[in-house]
Amino acid sequence: MEDFNIRKSNSGDIESIERLYPDAFPSEELRPLVLALLRDTPQVLSLVARAGPDLVGHVVMTPCRVSGLDVTVALLGPLAVATAWQRRGIGSRLIRAGFDELQTAGYSHVFVLGDPAYYRRFGFQPERTVAPPYPIPDEWRDAWQSRAISGVEFSKSGSLIVPPAWNERAYWAG
């Protein structure tokens, strides 16, 4: 397996990030969301995986709030790995590196809307008390998940408040 490294993204990565998403998600158009997050969302955490000169993975973790609570939380996603590089641990390393960065920055929890079989390995559990910004289909109920990344627990109740880029029903309703 070829080595790859993970680092925070920079403006020089944008073109490669734009090419990555159609490869990783041929049936979804996530570039507008990703570019809006990178351009318009202060303190967004954007990490890339590079193998030599090639960008082979990317993850975004967006700062959010929970209504009625004074906590700092994040929303994980999108996460993309180039098709030719999947199943080599790149996504896992991007997620864990993101957790480390968020924990250092004082975040308490991370939320995700994603495949429970995949995200369970990172400690995510179905989320029942913090609602997503929009209703999600019943069949996705277990896909709405969270996990603590610090030792601090809070009485989670309310709704996740997301920045404008995430405030589109289509991202939540399929």
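Residues numbered from 1 in each chain as written. Predicted model: local features only at pLDDT ≥ 70, side-chain atom pairs only at ≥ 80, totals over all residues. Heavy atoms only, no water.

## Structural notes on the overall build of the protein
Point 1. What the protein contains, in helices and strands, is five helices and nine strands.
Point 2. Listing every helix and strand of the protein by position from the N terminus yields β-α-α-β-β-β-α-β-α-β-β-β-β-α.
Point 3. In terms of overall dimensions, the protein is globule-like: its C-alpha atoms have a radius of gyration of 15 Å, near the 16 Å expected for 174 residues.
Point 4. For the protein, the spread of C-alpha atoms along the three principal axes comes to 45 × 35 × 30 Å. (Helix = DSSP H or I, 4+ residues; strand = E, 2+ residues; numbered from the N terminus. Rg over C-alpha atoms; globule rule 2.2 N^0.38 Å.)

## A short note on the nonpolar core
Point 1. Formed by 35 residues in total, the largest nonpolar core has its most connected members in L76, I90, F99, L102, Y119 and F124.
Point 2. Counting only elements with at least two residues in this core, the list comes to α1 (14-24), β2 (45-51), β3 (54-66), β4 (73-81), α3 (90-104) and β5 (109-113).
Point 3. If sequence neighbours within four positions are ignored, L76 has contacts with V59, V60, M61, I95, F99, V110, F111, V112, Y119 and F124.
Point 4. Counting residues in hydrophobic clusters, the runner-up holds 20 residues, among them L33, V44, W144 and W172. (Core = buried A, V, L, I, M, F, W, Y, C linked by side-chain atoms within 4.5 Å. Buried < 20%, exposed > 50% of the residue type's maximum accessible area, 1.4 Å probe, protein only. Contact = heavy atoms within 4.5 Å.)

## Considerations on the side chain of H109
Point 1. Within the secondary structure, H109 is located in strand β5.
Point 2. The exposure class assigned to H109 is buried, which follows from its relative accessible area of 1%.

## Here we look at the packing of α1 against helix α2 (residues 31-40)
Point 1. Relative to each other, α1 and α2 sit at 150°, their axes nearing to 10 Å. Between α1 and α2, the angle falls in the class roughly antiparallel. Seen from above, α1 lies across α2 with right-handed handedness. On α2, the residues that touch I14, I17, E18, Y21 and P22 of α1 are R31, V34, L35 and L38.
Point 2. In the contact of α1 with α2, the residues fall into seven nonpolar, no polar and two charged. (Axes fitted to C-alpha atoms, helices over the stretch in contact; angles between N-to-C directions. Parallel < 35°, antiparallel > 145°, perpendicular 65-115°, else oblique. Left-handed = near helix turned anticlockwise from the far one by under 90°. Nonpolar A, V, L, I, M, F, W, Y, C, P; charged D, E, K, R; others polar.)

## Considerations on the packing of aromatic side chains
Point 1. For the coordinates displayed, the defined rule picks out 10 aromatic pairs.
Point 2. Seen from their ring centres, W144 and W172 are 5.8 Å apart, and the 75° between their planes marks the pair as edge-to-face. Within this pair, whereas W144 is found in strand β8 (residues 144-148), its partner W172 is found in helix α5 (residues 170-173), the two being separated by 28 residues in sequence. There is no split in this pair, since W144 and W172 are both buried.
Point 3. Aromatic rings pair up to connect F99, Y118, Y119, F122 and F124 into one cluster.
Point 4. Sitting above the plane of the W85 ring, R88 keeps its charged end 4.5 Å from the centroid. (Phe/Tyr/Trp six-rings, centres within 6.5 Å; stacked < 30°, edge-to-face > 60°. Lys NZ or Arg CZ within 6 Å of the ring centre and 35° of its normal.)

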